[in-house]
Amino acid sequence: MIPYDQLRVIDTPIPAEPQSAKRHYGVHPYFTRRPYNVVRQYIQHYSREGDRVLDPFGGSGVTAIEAFLSNRIGIQNDINPLANFIAKGVADLSKGTLTDYTTALRNVCDRCEQRVLGLDDADNTAISRLLEQLPLPANVRLPANSDVQHYHDLFSPRQLAALAVIREAIDDIPNRYARSAIRLAWSAALTKINRTFLSAEGRAESRGGSSIFSIYRYKVAAKPVELPPWPTFYERAQNVLAAKEEIDREIDYRKRTGGFSGKFEVYHDDIDALRDQIKPVDYIFTDPPYGGHISYIDLSILWNAWNGTLPSFKDRQRELIVGGDLNLSEDVYVKRLDQSIRTCFALLKPKHWLSVVFQHWSTAYFDAILTAAAEVGGDLRAAISQIGDPVWSMHKKKGKQSVLAGELILTFLKTDKPKTVDANKPFDVEAAIVRILDETSNGTVYGEYLLNRVVVEAWQSGALGSLNINRTDFADMVARQGWSYDDKAHQWRHAGTMSVPLLGRL
């Protein structure tokens, strides 16, 4: 068996398989989600069956779930209760039987389908009386940038009543695994049954999503679309049942071809606290939050309030973001990003591997990751740009060349040989851009790939600390070389090169 530290690194991008795993797509929305097949290949390459695989910033659980289904011990950790609710909910679909689930859903239908449908004909007085009798979540205050002040204002009275009626029936399901599954479906429906739901222009009313996932705040639609609650919930329940079938097939295949031994663990801790909670792991695949734009905990109030899992003020202070309702500073973010990488290596066994997914214009963020890794004995062995796939490029809007899509996967080997880092040498950005463009054979290049190459080359030259890339200046440098931005393919192309589809290069 090849020793871990002699494994050949993954040195080429892995094409994503968008929407091909029901356990991750369609069961429950979340702010970011890695392509499961990319994560799975990294796990299977850098770890072995029975190994402990950790994601300390677990999000919706792709890393831990795929490790679990690959006969590893998948370890999920996130400071946001919603993330762990989703991840554990999906992992727990491996328990119980499909018959348990369908029976539970049928009982919920029998108990409250007609009652919910009847709310369409109920007047405001009747709905108000009903709300007085139903268990409702705390009417907590929302972040300051929200369109409304309090939680209940996110719903019309009819929506609030429908959600409460369905949730009450679900909470009475006696089988705990079936109850968990149907509650996951209800939580997913909650995304569409509220006043922040926006229909997609030119498509069916139900085709759309919450402003939480598009502009990252609680914006109430000018003309709210009230989707029918019962069909919306029932559709989500069918998605959960399909995910259950898929996971059962995965596990059954394992059982028939050598046995299934996967395990799943979940923790709700700040990453620094994990050192006291778990023993060293065999592989880490993680993508720490990228600073600003997405205030995960603030934006998860929609779910956490109803689940009774609102984070403490201390948790909110420890969230690894810039801004948010607490206006967390960038300086603190950089320091904590540095410390988080050091903690990751402390949690990793010697001569094992760690993969970090990251993308940002700020070279200070990359410097924090790379310097921290080097100083604790992490040797950078691969830097792969995962660019061009729809899953990775969903936020590439309006053809903006300054918007980053895709990510860089940095893979380190823990050598336990710390290096002293002096990363303040001068670096000629434009010369590096010219050289990289000259290497491009087909006349097209992703801006993200170009940026990533420049960052890694600056790091390897000991110059990342002095590198300060302005996105406008960066684009001007590329344009000066005779390249123009194709806002349909989201690529730069050299004069005279035909436009290629987004996935053309793959």
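Further up the page is the structure itself.
Before going into details, it helps to say that this report is about the structure given with it. (Residues numbered from 1 in each chain as written. Predicted model: local features only at pLDDT ≥ 70, side-chain atom pairs only at ≥ 80, totals over all residues. Heavy atoms only, no water.)

**With respect to the overall build of the chain**
- For the chain, the helix and strand inventory stands at 16 helices and 12 strands.
- Radius of gyration (C-alpha) of the chain: 24 Å, near the 23 Å computed for a compact globule of 506 residues.
- Referenced to the eigenvectors of the C-alpha coordinate spread, the extents of the chain come out at roughly 70 × 50 × 45 Å.
- In the chain, buried positions account for 55% of the 506 residues.
- Of the roughly 21,800 Å² of accessible surface on the chain, 48% is carried by carbon and sulfur atoms.
- Averaging the positions of the 61 positive and the 61 negative side-chain charges in the chain gives two centres separated by 3 Å. (Helix = DSSP H or I, 4+ residues; strand = E, 2+ residues; numbered from the N terminus. Rg over C-alpha atoms; globule rule 2.2 N^0.38 Å. Buried < 20%, exposed > 50% of the residue type's maximum accessible area, 1.4 Å probe, protein only. Areas by Shrake-Rupley, 256 points an atom, 1.4 Å probe, with all protein chains shown as cover. Lys, Arg positive; Asp, Glu negative; His and termini not counted. Charge placed at Lys NZ, Arg CZ, Asp CG, Glu CD.)

**Thoughts on the pairing of strand β7 (residues 348-358)**
- The buried fraction of β7 amounts to 8 of the 11 residues, a majority that puts the element mostly inside the structure.
- When strand β6 (residues 281-286) meets β7, the two strands line up parallel, connected through 5 bridges. Among the inter-strand pairings, Val281 is bridged to a residue of β7, identified as Leu348.
- Strand direction decides the pairing type here: β7 and strand β9 (residues 407-414), joined by 6 bridges, are antiparallel. Note on β9: the bridge partner recorded for Leu354 is Phe412. (Pairing = 2+ DSSP bridges.)

**Focus: the sheet that holds strand β11 (residues 483-486)**
- Pairing in this open sheet of 3 strands is antiparallel, and the strands run β10-β12-β11 from one edge to the other. If you trace the sheet from one side to the other, it starts and ends with β10 (444-445) and β11, each paired once.
- When β10 meets strand β12 (residues 491-494), the two strands line up antiparallel, connected through 2 bridges. Paired with Thr444 across the strands is Arg493, a residue of β12.

**Details of unusual backbone geometry**
- Backbone geometry places Asn71, a non-glycine residue, at a positive phi of 65 degrees.
- With respect to the element layout, Asn71 can be found in the loop between α2 (62-69) and β2 (73-77).
- Owing to a relative accessible area of 2%, Asn71 belongs among the buried residues under this scheme.
- Positive phi is not limited to glycine here, since Tyr216 has a value of about 60 degrees.
- Residue position: Tyr216 is located in the loop between β4 (208-210) and α8 (229-256).
- Of the residues examined, Tyr216 reaches a relative accessible area of 17% and is grouped as buried.

**Focus: helix α7 (residues 176-190)**
- In a regular helix each residue adds 1.5 Å, so 15 residues correspond to 21 Å; α7 covers 21 Å between its end C-alpha atoms and thus fits that length.
- Within the span of α7, buried status applies to Ala178, Ala181, Ile182, Leu184, Ala185, Trp186, Ser187, Ala188, Ala189 and Leu190.
- The inward-facing, buried residues of α7 abut α3 (81-91), α4 (98-117), α6 (157-171), α8 and α10 (301-307).
- Capping the start of α7, Asn175 holds a side-chain oxygen 3.0 Å from the backbone nitrogen of Tyr177, two or three residues further along. (Expected span 1.5 Å × (residues − 1). Contact = heavy atoms within 4.5 Å. Polar contact = N/O pair within 3.5 Å; in protein donor to acceptor, adjacent residues only side chain to side chain.)

**Things to note about the pattern of salt bridges**
- With the rule as written, the count across this model stands at 32 salt bridges.
- Across the pair Glu246 and Arg23 runs a salt bridge whose closest N-O atoms are separated by 2.9 Å. Here the residue Glu246 occupies a position in helix α8, and Arg23 occupies one in the segment before α1 (36-46), the gap between them amounting to 223 residues.
- For Arg23, a relative accessible area of 2% corresponds to the buried category.
- Taking the shortest distance from any N to any O, the salt bridge between Glu265 and Arg52 comes out at 3.8 Å. Placement of the pair is Glu265 in strand β5 (residues 263-267) and Arg52 in strand β1 (residues 52-55), with a sequence separation of 213 residues. (Salt bridge = Lys/Arg side-chain N within 4 Å of Asp/Glu carboxyl O.)

**Some thoughts on the sheet that holds β7**
- The 7 strands lie next to each other as β5-β2-β1-β6-β7-β9-β8, forming an open sheet whose pairing is mixed. One side of each edge strand has no neighbouring strand; the edge strands of this open sheet are β5 and β8 (378-386). Neighbouring strand axes in the sheet, compared pairwise and without regard to direction, differ in orientation by 20 degrees on average.
- Across 2 bridges, β1 lies against β6 in parallel orientation. In the strand pairing of β6, Leu54 is matched with Ile284.
- Strand contacts of helix α12 (residues 330-347): β1, β6, β7, β8 and β9, with the helix running at about 145 degrees to β7, the strand carrying the most contacts. (Axes fitted to C-alpha atoms, helices over the stretch in contact; angles between N-to-C directions.)

Read these as spatial facts, not as claims about activity.
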